[in-house]
Amino acid sequence: SAVVIPDDVTRFAAAHALLAQTLQLCGRTEEALARMKHATQLSPGSFVAGLATLHFSRGEYAEALPLVEGVLASNPRYPYALALAAACAFWSGDHARAGEHARALRSVAPDFTPAAFTSSFGAGIGPVERIAAALADQASTVLDPVFSRASGRQISARAVRDAVDAGFGAGA
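The structure displayed is predicted, hence computed values, not measured ones.

Participant: Would you take a moment to explain the environment of Pro-127 for this structure?
Facilitator: Position of Pro-127 among the secondary structure elements: in helix H8 (residues 126-151). Exposure remark for Pro-127: the relative accessible area of 22% places this residue in the partly exposed category. Considered as a pair, Pro-127 and Ala-87 are 40 residues apart in the sequence and their alpha carbons are 9.7 Å apart.

Dropping the structure here:
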């Protein structure tokens, strides 16, 4: 008898995405990438953050960044995508772009911290640590000059507030 292919193959996309995550955990990164790409083909617009995450995990930041920025184009308030975009830009050497994504993340999720991210997603896991390190560096980039000037009494409290607001968003 003939094999019947359902009209809605998008429901298989989640299975491919799950298989991709499992393969990644088993260290079979090439197969994981192929399965996640297939998931995005079966369900266009879905699992793109997962594909970007796989590229990031492999150190392929230039491949991951446009994917995750595509996710942000349709969902600009997605905290994980903002964190991933900031980290991709940071590790690609585009620190200005990383700063833009980090500022957007702080605006959307003001309580977000690299330490909480690491705690939630797994301390000691390379890609998680790289995302957290990139975000911590972005915070330091904003704060170090402010605190350096403040410690030498070269800056007013209002100037500190203005610098923090500019770097992290109003009222941060």
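Participant: In this structure, what is going on with the nonpolar core? I would like to understand it.
Facilitator: Among soluble globular proteins, nonpolar side chains are generally buried collectively. Formed by 31 residues in total, the largest nonpolar core has its most connected members in Phe-56, Val-68, Leu-84 and Ile-131. Within the residue set of this core, elements represented by two or more residues are helix H3 (48-57), helix H4 (61-74), helix H5 (79-92), helix H6 (95-108) and H8. Per element, the largest residue contribution to this core is 11 residues, and it comes from H5. Non-local contacts of Ile-131, meaning those with residues more than four positions away in its chain, are made with Phe-56, Tyr-80, Ala-83, Leu-84, Ala-87 and Phe-117. If you look at the next biggest cluster of nonpolar residues, it comprises 11 residues, including Ala-20, Ala-32, Leu-51 and Leu-54.

Participant: When you look at the packing of aromatic side chains in this model, what are you seeing that I'm missing?
Facilitator: Where two aromatic rings form a pair, the distance of their centres and the angle of their planes describe that pair. On inspection of all chains with the given rule, the structure shows 8 aromatic pairs. Their ring planes at 50° and their centres at 6.3 Å tell us that Tyr-78 and Tyr-80 sit as a pair that is tilted. Among the aromatic residues, ring-to-ring pairing joins Tyr-78, Tyr-80, Phe-112, Phe-117 and Phe-121 into one connected group.

Participant: I tried to follow the side chain of Ser-43 on my own but got confused; where do I start?
Facilitator: Considering the arrangement of structural elements, one finds Ser-43 in the loop between helix H2 (29-42) and H3. Look at Ser-43 and you get buried, because its relative accessible area is 12%. Ignoring anything within four residues of it in the chain, the contact list for Ser-43 reads Thr-10 and Ala-13.

Participant: I'm lost on the environment of Ser-92 in this one. Help?
Facilitator: In this fold, Ser-92 is placed in helix H5. As a C-alpha pair, Ser-92 and Glu-60 span 32 residues in sequence and 8.9 Å in three-dimensional space. Each residue touching Ser-92, except ones within four places of it in the same chain, is listed here: Tyr-61 and Ala-62.

Definitions and cut-offs
- Residues numbered from 1 in each chain as written.
- Predicted model: local features only at pLDDT ≥ 70, side-chain atom pairs only at ≥ 80, totals over all residues.
- Heavy atoms only, no water.
- Helix = DSSP H or I, 4+ residues; strand = E, 2+ residues; numbered from the N terminus.
- Buried < 20%, exposed > 50% of the residue type's maximum accessible area, 1.4 Å probe, protein only.
- Core = buried A, V, L, I, M, F, W, Y, C linked by side-chain atoms within 4.5 Å.
- Contact = heavy atoms within 4.5 Å.
- Phe/Tyr/Trp six-rings, centres within 6.5 Å; stacked < 30°, edge-to-face > 60°.

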